[in-house]
Amino acid sequence: MNRWYKETRAIYSCIAIIGLALGSTAYGQDDQLEELEAVTVTGSLIPQTVTALEAGALPVTIIGREEIEARGFNNAAELLQNMTVANGGAVPIANNATGFTAAASSVSLRGLGSDATLVLINGRRVAPYPIGTGGTTAFVDLNSIPVSAIERIEVLKDGASATYGADAVAGVVNIHLRSDFDGAELTVGYGNTTTYDSSETIMNFITGISTEDTRISFGISYYNRKSIFAGDRKFSEIPPFLSTNSSPWNLAVTRAAAVEALENAGATQAQIDAALADVEGEDAFFAATVEENADWFWGTGLGPILGNNGELPATSYLFAAGRPARFNFNETAGAYPDRQQKGAFASWERDVGENLVLYGDFLYQNTFTQNELAPSATGNFANPGGVSIIVPARTATPIVGTSGERLAVAGAYNPFNPFNEDLSGGTRARLAEFGNRIYREDTDAGMATFGFKLKSIAGSNWSFDNSFTYSYIDTTSRDSLVSISALNRLLNADDSFFDPGSGDYLGTSQPLNPFGFYQNVIDNNVAIADAAKVQLKNKNESEMLFYKAILSNPNVFEIPTGEVAIAVGYEWREESVNQSPDEAGKSGDVIGSSTANVTVASDIVQSVYTEVQVPILGKDTDVKMDLNLALRYETFDFSDEEALVPKVGVRILPVDDLVIRASWGEGFREPSLYERFAGGLTYSLTPVINQWNGVNEPEQDIAYASNPQLAPEETESFNVGFVWSPSDDKLNGLTLAVDLWRIERSGTVTLDLQDVVNRAYSAIPDSAPIIADDGVIDSSDTNLLLPGESVTFLDNGNLELVNGVFRNLGKTKISGIDIAVSYITKLTEESTIEVGAAFTYIDSYKIQQFPGAPFFEYIGEDTGILFNNDFDESQPATETDGDSIFGGDNPIALSPGSADGGYMQWKGQAYVQYASNGLNVRFSGRYRDGFRDFDYDPDFNVIEYETNDTWVFDLQVNYDLDGENPWIPGWLDNTSVTVGARNLFDKDPPKSSGLWQNASGYPGFDYSGEGRFLYASVTTKF
């Protein structure tokens, strides 16, 4: 559809729907203001002058500057992720090195995901992070916003698409930057864990002037945080599962090659039969008995591991049906990254005459993040979508399969290979000789706004506010990894690397010997390893141009019950993303880096919307009642999609102390540019269970494709509650707020790779995949798979690759209750004490993966859990047993997920704060509920249990120095000192297993390995 036609239609639509809007002026119960100037609060478009209690039409929580400082967090992500309304599905800072967004972080309201939470800065949209969550869904990177620049955060805990457009499904986080500052303020702080391994340094400076007609504020900030390593914590030094990407390597060997190698090592026929029939060792789970006629299995130098120097004969090898060698990656893996942030911000406002106000703001943040992981894990040497790793045979004339063609290049050989066969396929390795993987991310984020306001149009009550914002995020990654093609050259003694007459001679004739044990260092391996190391440089960019205009009138006309307020708005934005991966990354030639694709996409979105607030009761009655209506029409240029969403709100004040509020609305989430337009396939690793042989694979190769035909997700939300702040002398100072809420989402964009496997198995359950001519099951074999979905197998029947495509298939239903209470009272004329608590309880969180599938309850479950979509919910569920996790007529997990985080039923905060003569002491607690997890018992039966719920307590003491005291020098006047402790009692995170798929040993996306953290800061004003 022509863009200009859309614009014209949008304008006429705005005129047609004027008079419908959602009025949502709402201050949270934390705000103690008695009278407000005419302001616009998150959730509303109409500037109004109301008391804090009257502003309670919608559930908005406000975290002010003092509260931000009192909570003791120096980054926005941790501050917001600890809110009670935040739940599973956020992008964490800790334990995210293997993710697509290792340098970014986000918040997930209600656990609906980062993509369902709209984050604004000063009420305006900004560019999303240029790499989506999981490579797909858009979000605003909270690391790009320095805490020192934040004046307050307003969190609307209700769907608000009618007011803010797409993606405001679970709610809105509106971050207001500091402004109207008069004077100067300097803060210097330092903190560290009590294990002294993760220091934190902050330096913030802000200055400004505020006169009758001019207000200018400017600030700079610096933040530095050192890393934490998993091996430095008892609770994470050994993870629940040890990786099959191991040293010694797990080698995929055919029977013919194993027999030849054993014969070559002098084994008798009886010894050969024994080696290939029985597996010695105590670990019967990993070292399974090899079937008598098996043609393909694993061999490794695990038996004499301590004496393995890379030259063991085949008779010293352990042969198994499953990969027997395991590696503890947490010996050297990072759990929290090195982070350094530098930024500046400014805001200005100038009154030009009595009616015109010019304003603007500026924000810049540079973030450097470095994550470290254990040495590269190869995954299967057969590399779907990329270059395969191949260890050449012992000689240049190896054993080959029925095709008569070898895997390695002609003439290739590795003299240390005990098998005269090219090794690839399901072989897996840990490249310990090459050192840790290092992921460096340098991010620049900026925003600039210019606007003007007309306080009055032609002397009327109408006002006009419009602004233009440009924002961007550029990320440059420099990842130290290993090149597959260079590694293949290092493994081949016939390569020019080892030819003294070549230009790239490495100074030795010996190739890499990969058959040893990493703790027994092979000097030659270390000497030549640099030849295969590469620095992968990826460039990703995201930009947004955003224009916003609002025409409003708080008293457009009067009716018998009071004044009618109205606002009309127009928004235009252009969003673009440009992903430029390194050439090596695009070719699939780098170990530990998914095959990357160039993505260049953009979209233009236009919106017209209106809001009306109508008093139903109030002018001549004691009871006040307002009706709020909103309507928004939004168009998307590239996809030719459009959306029209309404919202209705009611606010009732039956008495002066009580506000009753209710709202209903529709909303939508627009699929991200990544979900629709990503170039090529996106490759990753994820837990998948092979239904044909029961193998539980925590590191399965998968790939997924974007879908330009995706439609917007549709939502419906409902909220009803009250705020009670009694004026009675006995209860004065008490505030109680309760809200019941429900959100339903349909057409959810889903990608369930386990379900692809399950449907393929349902269609062909008894046919061994290796019998298929091409080793692939796809839509040509069964109508249970959709175009683009497929399952590919290795020769031994293990999964090689699972392919999926994004679809609008899912539905979500979630409901719960928010409860907040606070009480403040004077102890003396100069001292007060305040206590408070806030809890969110999610009653139900049900998801249907696709039409016809049952709804499963996800609350209290791992965020990555997968259920049996073939379950017949009309039949009574059977008792959970060890086998049901792999299928059957039970709504139990088919795959339990990695237990990195859970959908918590309860999440809460509580505090007590004492203030007297400049002294403030705050003791607070943060509560997180547990969730269902899975593990193996000593006999390797599957068991389920609940991860522990936790209370983590914090303490902060702040004292304002007074230069009038004789023992304090006068130059310390206007100086405050703060000392505090996060996790005061050094509470360990709860243990979790994820059926041995958890990499940290605890829910690493909900907790960090920080432990007790002590900090101190000094702030002086001048």
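All values derive from a computational prediction rather than experimental measurement.

## A word on the sheet that holds strand β9 (residues 251–254)
Then step 1. Across the sheet, three strands lie side by side as β9-β10-β11; this open sheet has antiparallel pairing. Every interior strand has two partners, whereas the edge strands, β9 and β11 (318–320), have only one. The sheet shows a mean angle of 40° between the axes of neighbouring strands, direction not considered.
Then step 2. In this fold helix α5 (residues 255–264) packs onto β9, β10 (296–300) and β11, with an angle of close to 90° to the strand it touches most, β9.

## What to know about the environment of T975
Then step 1. Mapping T975 onto the fold places it in strand β41 (residues 975–982).
Then step 2. Separated by 790 residues in the primary sequence, T975 and E185 place their C-alpha atoms 9.4 Å from one another.
Then step 3. Those residues in contact with T975 that sit more than four places away from it in its chain are Y959, D960, L961, V1018, T1019 and T1020.
Then step 4. Within polar-contact distance, the side chain of T975 engages the side chain of T1020 at 3.1 Å.

## What to know about the nonpolar core
Then step 1. Residues M83, V107, L142, I153, V173 and Y845 are the most contacted members of the largest nonpolar core, which totals 62 residues.
Then step 2. Discounting residues that sit within four places of it in the chain, I153 has contacts with T61, I62, I63, I68, L79, L80, V173, N174 and I175.
Then step 3. Residues V253, A258, L262 and A267 belong to the second largest nonpolar core, which totals 40 residues.

## Comments concerning the confidence of the model for the protein
Caution applies to low-pLDDT regions: their predicted coordinates should not be interpreted in detail.
Then step 1. In this model, the protein carries a mean pLDDT of 86, and residues with pLDDT of at least 70 account for 89%.
Then step 2. pLDDT under 50 marks residues 280–287. Its contacts with residues more than four places away, or in other chains, come to 13 contacts.
Then step 3. Here residues 876–890 is modelled with pLDDT under 50, and outside its nearest four sequence neighbours on either side it reaches 31 contacts, counting other chains as well.

## Section: the pattern of salt bridges
Then step 1. Scanning all chains against the criterion turns up 40 salt bridges.
Then step 2. Here R742 makes a salt bridge to E744, at a shortest N to O gap of 3.8 Å.
Then step 3. Looking at E744, the relative accessible area reads 30%, which means it is partly exposed.
Then step 4. Bridged by salt links that share partners, the residues D115, R669, E675, E713 and R745 form one connected network.

## A few points about the pairing of strand β20 (residues 599–617)
Then step 1. Here β20 lies mainly inside the structure; 15 of its 19 residues are buried.
Then step 2. Bridge count between strand β18 (residues 562–580) and β20: 15 bridges; the pairing is antiparallel. When the sheet's bridge partners are listed, R573 is paired in β20 with V605.
Then step 3. As paired elements, β20 and strand β21 (residues 624–636) share twelve bridges and run antiparallel to each other. For V608, the partnering residue across the bridge sits in β21 and is Y633.

Rules behind the numbers
- Residues numbered from 1 in each chain as written.
- Predicted model: local features only at pLDDT ≥ 70, side-chain atom pairs only at ≥ 80, totals over all residues.
- Heavy atoms only, no water.
- Pairing = 2+ DSSP bridges.
- Helix = DSSP H or I, 4+ residues; strand = E, 2+ residues; numbered from the N terminus.
- Axes fitted to C-alpha atoms, helices over the stretch in contact; angles between N-to-C directions.
- Contact = heavy atoms within 4.5 Å.
- Polar contact = N/O pair within 3.5 Å; in protein donor to acceptor, adjacent residues only side chain to side chain.
- Core = buried A, V, L, I, M, F, W, Y, C linked by side-chain atoms within 4.5 Å.
- Buried < 20%, exposed > 50% of the residue type's maximum accessible area, 1.4 Å probe, protein only.
- pLDDT = per-residue confidence, 0-100.
- Salt bridge = Lys/Arg side-chain N within 4 Å of Asp/Glu carboxyl O.

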